[in-house]
Amino acid sequence: MTCEPKLEPSILEKHLAQLLQRECSNKQIPGLYAVLLDQEGIVWQGSGGSADLAGVRRFTEDTLFRIGSITKLVTGFLVMQQVESGRIALDDPIGKHLPEFQPHSDFDNPITIRRLLQHKSGLVREAPGGCYFLSSNASLEEIVSSLNQTRLLWEPGTKTSYSNAGVCVLGLMLERLESKPYEQLVQERIFKPLGMQDSRLELNEDVRAALAEAQMCPYHQKTQPAPVNKPNSVPAGGIFSSPRDLTRLASTLLRGGEPVLSASLLQSMWQLEQEDDTIALGFFVRELFGHKAVGHGGTIYGYATELELLPSENLGVLVFVTQDIGNNIARRLSAHILELALKLRRGQSLPGFIQTQDADLQCYSRLVGTYRNGDSLAWIRVNNGKLSAEINGTIGELRRHKEHWAMDCAQVFVDDIQLNESGLIVGDQNYLRDEHVDSAGLPEETLIGNYGSEASCPMQIYARSGRLWARVANCFYQPLVEEEAGIFRFPEDSLFFAAEAVRFETGDDGVVAALIIGEIKLPRL
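In what follows, the accompanying structure is described.

Quick notes on the rules
- Residues numbered from 1 in each chain as written.
- Predicted model: local features only at pLDDT ≥ 70, side-chain atom pairs only at ≥ 80, totals over all residues.
- Heavy atoms only, no water.
- Core = buried A, V, L, I, M, F, W, Y, C linked by side-chain atoms within 4.5 Å.
- Buried < 20%, exposed > 50% of the residue type's maximum accessible area, 1.4 Å probe, protein only.
- Contact = heavy atoms within 4.5 Å.
- Helix = DSSP H or I, 4+ residues; strand = E, 2+ residues; numbered from the N terminus.
- Axes fitted to C-alpha atoms, helices over the stretch in contact; angles between N-to-C directions.
- Parallel < 35°, antiparallel > 145°, perpendicular 65-115°, else oblique.
- Left-handed = near helix turned anticlockwise from the far one by under 90°.
- Nonpolar A, V, L, I, M, F, W, Y, C, P; charged D, E, K, R; others polar.
- Expected span 1.5 Å × (residues − 1).
- Phe/Tyr/Trp six-rings, centres within 6.5 Å; stacked < 30°, edge-to-face > 60°.
- Lys NZ or Arg CZ within 6 Å of the ring centre and 35° of its normal.
- Pairing = 2+ DSSP bridges.
- Polar contact = N/O pair within 3.5 Å; in protein donor to acceptor, adjacent residues only side chain to side chain.

F77, F133, I190 and M459 are the most contacted members of the largest nonpolar core, which totals 110 residues. When residues no more than four places from it in sequence are discounted, the contact partners of M459 are G449, N450, Y451, A470, R471, V472, F490, F497, L515, I517 and L522. Core analysis: the next-biggest nonpolar cluster, separate from the first, contains 31 residues, I29, A304, A341 and F353 among them.

Let us look at unusual backbone geometry. Looking along the chain, the bond that leaves E258 and enters P259 is cis, with omega of 5°. Relative to the helices and strands, P259 is located in the loop between α9 (243–254) and α10 (263–268). Look at Y301: it is not a glycine, yet its phi comes out positive at around 40°. Inspection of the secondary structure assignment puts Y301 in the loop between β8 (291–300) and β9 (303–310). Although it is not a glycine, K402 adopts a positive phi angle of roughly 55°. Along the chain, K402 turns up in the loop between β14 (394–401) and β15 (404–408).

Relative to the elements of secondary structure, T305 occurs in strand β9. On the basis of relative accessibility, which here comes to 1%, the residue T305 falls in the buried class. Residues in contact with T305, not counting those within four places in the same chain, are R66, I67, I70, L246, H296, G297, G298, V319, F320 and N327.

This paragraph deals with the packing of helix α2 (residues 71–85) against helix α5 (residues 164–178). Two elements in contact, α2 and α5, have axes whose closest approach is 10 Å; the angle formed by their N-to-C orientations is 40°. What the angle tells us is that α2 and α5 run oblique. For the pair α2 and α5, the crossing hand works out as left-handed. Each of K72, T75, L78, V79 and Q82 in α2 lies in contact with α5, whose residues at this interface are N164, V167, L170, G171, M173, L174, L177 and E178. Grouping the constituent residues of the contact of α2 with α5 by class yields seven nonpolar, four polar and two charged.

Let's shift gears to α2. Taking 1.5 Å of rise per residue, the 15 residues of α2 would be expected to cover 21 Å, and the 22 Å separating its terminal C-alpha atoms lies within 8% of that figure. Of the residues flanking the end of α2, it is G86, one or two places downstream, whose phi is positive at about 85°.

Tallied over the full model, the rule gives 13 aromatic pairs. Between the aromatic rings of Y162 and F284, the centroid separation amounts to 6.3 Å while the plane-to-plane angle is 40°, which identifies the pairing as tilted. Taken as a pair, Y162 in the loop between α4 (140–146) and α5 and F284 in strand β7 (residues 284–288) lie far apart in primary sequence, 122 residues in all. For F284, a relative accessible area of 31% corresponds to the partly exposed category. Sitting over the ring of W154, K159 keeps its end group 5.2 Å from the ring centre. Note that R332 overlies the ring of F413, its terminal NZ or CZ placed 3.8 Å from the centroid.

So, on to the pairing of strand β11 (residues 369–373). Bridge count for β11 against strand β12 (residues 376–383) is five bridges, and the pairing is antiparallel. The residue bridging G369 from the neighbouring strand is I380, located in β12. Between the antiparallel neighbours β11 and β12 lie two residues, among them G374 with a positive phi of about 65°. Strand direction decides the pairing type here: β11 and strand β18 (residues 429–433), joined by two bridges, are antiparallel. Among the inter-strand pairings, R372 is bridged to a residue of β18, identified as L432.

In this fold, L90 is placed in the loop between α2 and α3 (113–118). By relative accessible area, which is 12% here, L90 ends up buried. Along the primary structure L90 and L281 are separated by 191 residues, whereas in three dimensions their C-alpha atoms are 9.7 Å apart. Residues within four places of L90 in sequence aside, it is in contact with M80, V83, T112, I113, R114, L117 and L281.

Our focus in this paragraph is the packing of helix α1 (residues 9–27) against helix α11 (residues 327–346). Taken N-terminus to C-terminus, the directions of α1 and α11 make an angle of 165°; their axes are 12 Å apart at the nearest point. In terms of orientation, α1 and α11 fall into the roughly antiparallel class. In terms of crossing hand, the pair formed by α1 and α11 is right-handed. Contact residues: I11, L12, H15, L16, L19, L20, E23 and K27 in α1; I329, R332, L333, H336, I337, L340 and L344 in α11. A per-class count over the contact of α1 with α11 returns ten nonpolar, two polar and three charged.

For α5, with 15 residues, the first-to-last C-alpha span of 22 Å sits near the 21 Å given by 1.5 Å per residue. Most of α5 sits out of view: 13 of its 15 residues are buried. Two or three places before A165, at the opening of α5, S163 has a side-chain oxygen 3.3 Å from that residue's backbone nitrogen.

See the structure below:
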């Protein structure tokens, strides 16, 4: 690691403070908090918006956020500590340590600890006993036990498919190895050694008082306060933490990992098994500005967080967003802050951050309609007083960018869209306006409704243009392919429930009462 010029916080403040405030305003985000850090700690920190929905409470470095799946890194560190001690090996079949864990499998290849960390286990995304879309008080043991009802979707080691369930399996393994609750292990092995005094795994009144308020953004509905509920599937996403504490963790990783892990073992967590992989041992890995970037994002019920490190440059960034599925803006800001820091160090021209403008509905309402590219459809419509687009299952506010358009909101950014009354061009896809498309006559229209729990994040099933679609986590739109009468399936590349089967359960009165995804039952609301 070379000795780099020290970054001046006042210069960072000049370039970033207004940006955060402007992004909150443009995207109706309650709050943003960002930290640039190095191995010594915080280099710069700043915020936009406020820590409550009323716009009164100020952010501080000890404000708590739900960090969602960044918790998975902590679980990974605990697993690697067991590897370092020699109690387990990465290529141990998980059944060696959890013999009762026996999901149905059509393959001879066993699930190993390595495959669980890489999200290559073949397991379903969510456990029937601990699904993100349902409120549950199930224990970790009950969550893992429920996976015995499921069948592997792919042969272990052959496909990356993100799985909250797989990380819960690792959490239970840790409990069995140490004869201690997962929460106690995190406190003793991670929080206490690093001085992470703000961080918690339990939800109590102190946590509620320190927690930033966040909002959900159901499509076609007004925003609403995010639920604050007991963490489910804790090893996969249960930690509450602050910018101060998460900086302590991130700076420790830049210093080499001690006292959490040895430098060599931490480095191994950043090594991809295959060139086209995106996840190493728990960490997402990519190239960013010519450097290896490692990190993880998190999203949970109104909160989005990004942790990204450039180890070779002794730089890292944290971004906290109090907007449901706000990971897109978190990643964009993370990359921008790192690029700004790199260019400031080198005395190079500073990067800009793409700013878009509101579309005047009086001028552009004529663009509302349906557009077709072969079998693919796109829709331009007005949603909550804003022009919006839905393209390839992605939906977002449509805004002006110079002479072109962009889908730009907390959840989505798609640049360089060309749009006029006759057509829509996105990248190399050319959509022509189609005035003859409708969804009338679809026999499955009776199935349309909301499924899951109002206290978490209901799933919506709806019909459009002769097909059934699922709206997952308020922002992700996936077509459901009918394989046989009454049996549907999510696409294999779906972010949620990839390749999983879908069916509908009717009550004694013949009315649809529940949505069944794999073995997960989501009651109709």
